[in-house]
Each structure stands twice: as structure tokens, then as C-alpha cells.
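# Analysis of the macromolecular model
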Amino acid sequence: MTVVTTPDPRTVSHLHPRGSFRVADHPVPTGKEEIWRFTPTGKLADFFDDTLARESLGVTVDGPAEVRRLDMGQSPRGTALTPVDRAAAIAAGTPTATHLYVGAETTDTIRVSVRGTGAETPTADHLVIEAAPDACATIVITHTGQARHIGNVEILVGESARLTVVSIQDWDPGSVHLGQVEALVAKDAVYRHIAVSLGGDIVRLQNNVSYATEGGEAELLGVYFADAGQHLEHRLFVDHTHPKGISHVDYRGALHGDGARSVWVGDVLIRPTARSIETYESSKNLVLSDGCRAHAVPNLEIETGEIVSAGHSATTGRFDDEQLFYLRSRGIDEVQARRLVVRGFFSTILARIGIEDVEAALMARIDTELAFDKEN
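Residues numbered from 1 in each chain as written. Predicted model: local features only at pLDDT ≥ 70, side-chain atom pairs only at ≥ 80, totals over all residues. Heavy atoms only, no water.

### Overview of the environment of Leu 52
Inspection of the secondary structure assignment puts Leu 52 in the segment before strand E1 (60–62). On the basis of relative accessibility, which here comes to 34%, the residue Leu 52 falls in the partly exposed class. Considering only alpha carbons, one finds Leu 52 and Pro 122, 70 residues apart in sequence, at a separation of 7.9 Å. What Leu 52 contacts, discounting residues up to four positions off in sequence, is Asp 46 and Pro 122. (Helix = DSSP H or I, 4+ residues; strand = E, 2+ residues; numbered from the N terminus. Buried < 20%, exposed > 50% of the residue type's maximum accessible area, 1.4 Å probe, protein only. Contact = heavy atoms within 4.5 Å.)

### What to know about the side chain of Gln 230
By the element assignment, Gln 230 lies in the loop between strand E12 (217–226) and strand E13 (231–240). Judged by relative accessible area, which is 7%, Gln 230 ranks as buried. Excluding anything up to four places from it in sequence, Gln 230 contacts Leu 198, Gly 199, Gly 200, Asp 201, Phe 225, Gly 259, Ala 260 and Arg 261.

### Regarding the sheet that holds E1
Spatial ordering of the open sheet is given by E1-E4-E6-E8-E10-E12-E14-E16-E18, a layout of nine strands whose pairing is mixed. At either end of the open sheet lies a strand with only one pairing partner, and these are E1 and strand E18 (309–317). Between one strand and the next, the sheet's axes are offset by a mean angle of 10 degrees, whatever the strand orientation. Across ten bridges, the pairing between E12 and strand E14 (residues 246–255) is parallel. (Pairing = 2+ DSSP bridges. Axes fitted to C-alpha atoms, helices over the stretch in contact; angles between N-to-C directions.)

### Digging into the confidence of the model for the chain
Of the residues in the chain, 90% reach a pLDDT of 70 or more, and the chain-wide mean stands at 90. Considering only residues more than four positions removed or in separate chains, one finds that residues 1–9, a stretch of pLDDT under 50, has 25 contacts. (pLDDT = per-residue confidence, 0-100.)

### Describing the sheet that holds strand E2 (residues 66–71)
Overall, mixed pairing links the nine strands, which are arranged E2-E3-E5-E7-E9-E11-E13-E15-E17 in an open sheet. The sheet terminates laterally at E2 and strand E17 (293–302), the two strands that pair on one side only. When the angles between neighbouring strand axes are averaged without regard to direction, this sheet yields 15 degrees. In terms of strand pairing, strand E15 (residues 261–270) meets E17 through ten bridges, oriented parallel. Residue pairing for E17: Val 263 is matched across the bridge by His 295.

### Quick notes on the domain arrangement of the chain
By a frequent convention, interface size equals the accessible area lost on bringing the separate parts together. When cut into domains, the chain gives domain 1 (9–318) and domain 2 (320–376). Here the C-alpha centroids of domain 1 and domain 2 sit 26 Å apart. Contact with domain 1, which involves 29 residues of that partner, is made by 19 residues of domain 2. In total, about 2,100 Å² of surface goes out of reach between domain 1 and domain 2, with carbon and sulfur atoms giving 69% of it. Of the charged contacts, one joins Glu 219 and Arg 352 as a salt bridge, the two residues approaching to 2.1 Å between their closest N and O atoms. Across the contact surface, domain 1 and domain 2 share five residue pairs in polar contact (both at pLDDT 80 or more). Elements with a contribution of two residues or more to the side of domain 1 that touches domain 2: strand E6 (136–146), strand E8 (162–170), strand E10 (190–199), E12, E14 and strand E16 (278–287). Along the lines of polarity and charge, the residues of the side of domain 1 that touches domain 2 split into 13 nonpolar, seven polar and nine charged. (Domains from an automatic or database assignment. Buried area = accessible area lost by both parts, 1.4 Å probe. Salt bridge = Lys/Arg side-chain N within 4 Å of Asp/Glu carboxyl O. Polar contact = N/O pair within 3.5 Å; in protein donor to acceptor, adjacent residues only side chain to side chain. Nonpolar A, V, L, I, M, F, W, Y, C, P; charged D, E, K, R; others polar.)

What follows is the structure, encoded as C-alpha cells:
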């Protein structure tokens, strides 16, 4: 398949710019643009420089899936993903991409490892995940080590397929990760994406979903914990173009430490042709100390009144005093009570991963983020 090099005519949302594979079609951000206004663009100059040579971090796959390398222009690369910013366009121009093909139902977890080896050399990769019709699988992508990385993930969910993708960002300090995740959901398919962002100085992910035809279902879930000086940003766009589609978004984040920043921007576009759809998006933030800032911006763009339901919500607050009082009145000390509240806040999302060892490891990782309680 030939990669498209002209601007994508499909997207008309004012919160989601037209896509293009041409780097020149995406000006270097100044921080004043709507899609960059929360991002510390001054620290990202090398991510927008298309003259820099970028190495591939490489992708290690463990599990029952066919893996092959795609040269530029080969199908299905470019089928679902059209870059919506300059960094994604640079990553889409890598000479090869990794193609992960799931051809049937499997109960074995497919584990994908992306590991950085240092922040001196900028890196970029493009991963294509394809689930064949009626296939069923869970894929866990883990990002670790140290890197300055651009990573595109293109996901094709075939008719009546069931695909869960868990993306874990647990980079070492000093790392920066910009990425675009794009899924195309076919008829009667169910797609679930769970983003877990814990490590790295700056993580900025654009997570998009569109529908190939009517009757697709998408669920976008997320968990993030921002420490002092961290910037964790998640931007979501659901493009309802066909009837009877379903989308649910639920992201939860906690912040602790001076300069901790989180950004969640959700946008659902319901086009005139998207009749009888259901959608809801939610963002919840728990602020654990002074000096933090959480931005939560839900948006709905509705172009037809013939829908089943549509809504959104966003909340940001501190500990629930009633919850703490309840726990302390039962003999639990304040430090442990605070930890239990945060664990409960996240467990609702993590429990939906459905992989016991992954859920346990992530909760243990969150416990390390809560170690500040031992000092308070």
C-alpha cells in the first residue's frame, strides 16, 4: 500500500488538526497552538528537527504472534494512522516498521518490550498491530530504560475481533516520550486500550480511535502518577463516523511533588452520519500535595441529535476527608489510610487489564510512588 502524503481530509475537528505524512505540513510548535499549549515545547526542540538521524530502539516480542518487518509503503502500514503532529510525522518516516499480526484467538499474553539504552541519541519507531477478523488477544507493550523517543503505534482491529492493548510508560528519569496511537475498529469489533504512565520526565501521548464501519466498540482507559518535575500528558480523540458505535473513556491520575504536571484532553466528534451511537468520557485527578497542577479538558462535538447518549466529566480534588475518617475510625493510621485510598482510586482501572501478574506489578510500582507517605 502506498503511504498517503497529502493532508487527511477526514478530520475537521478544531481540536484535532488534519493529518499528513509530510513533515513540512506540520510547523515546528511554538507552544501557542491549541494542541501544544500545555506542553513544555522548549524542551523538545530535537523532537521536531527532521534533519536528525534517529535510531530504532527495536521491539522484542514474546508470545504467539507473527512478527515481520515492513519497508516503507508496505501494507498495512499507513492504513489507520495519519500523523497529526510533527513528531509523529517524523516517526512515520522511519525506513521500516514492525508488524505484529494476530491471526486467531489466543489466551497467552503477547508481551512487547521497548527498551531505551540512553538519552544521547534520538530514537523513533513505528509499530503496526493487526488483529484478524474473529481474533482475540491481549498485548502488553512496556517502555523502560532511558531514551528520547518518538513512538507511533498503528492498530487494526478486524471484524468481530477482540483486542486489548496495554501500553506501560515506565521510563527512567531523563527520558522523554512522544507518541501517537491510532486504532481503526471494524464492524462488531471490541477494542480496549489501557495507558499506564509512571516514569519519564515528559510523556505526551496522542490516542485516537476511528471506525471502519458501524457497530464497533472502543474503550480507552488510563492511569498516571506524576512526581515532582514530571509532565504526563494524554490527549484522546474519538472520531464517530458510522452508526451504532460505542466509546467509553476513563482516565485517572494522581500527582505529588512540586512541579508535578498532568494534562488530559479528551475530544469526541460525533459526525452527522454517526446515528445511534453511545459515548462517555471521564477524567479524575487526585492531588496529593501542594505545588501540583492537573489540567483536564473534556470536549464533545456533536453534529447530529440522533444519538443514544453522550456525556463527559472531569474532576480534580484532594483526599476525600470522609474516606479518611472512615478508615481511621477503624484503627487504620493516617499514612496507611492515604495509601489505601490511592490504591482504591487506581484499582478500578488496573483490575480491567485482566492479567494478574501485570496488575500486581503495576500496583507494586504505584506503591513505590506512594513511598513519600513514609516521610509524612
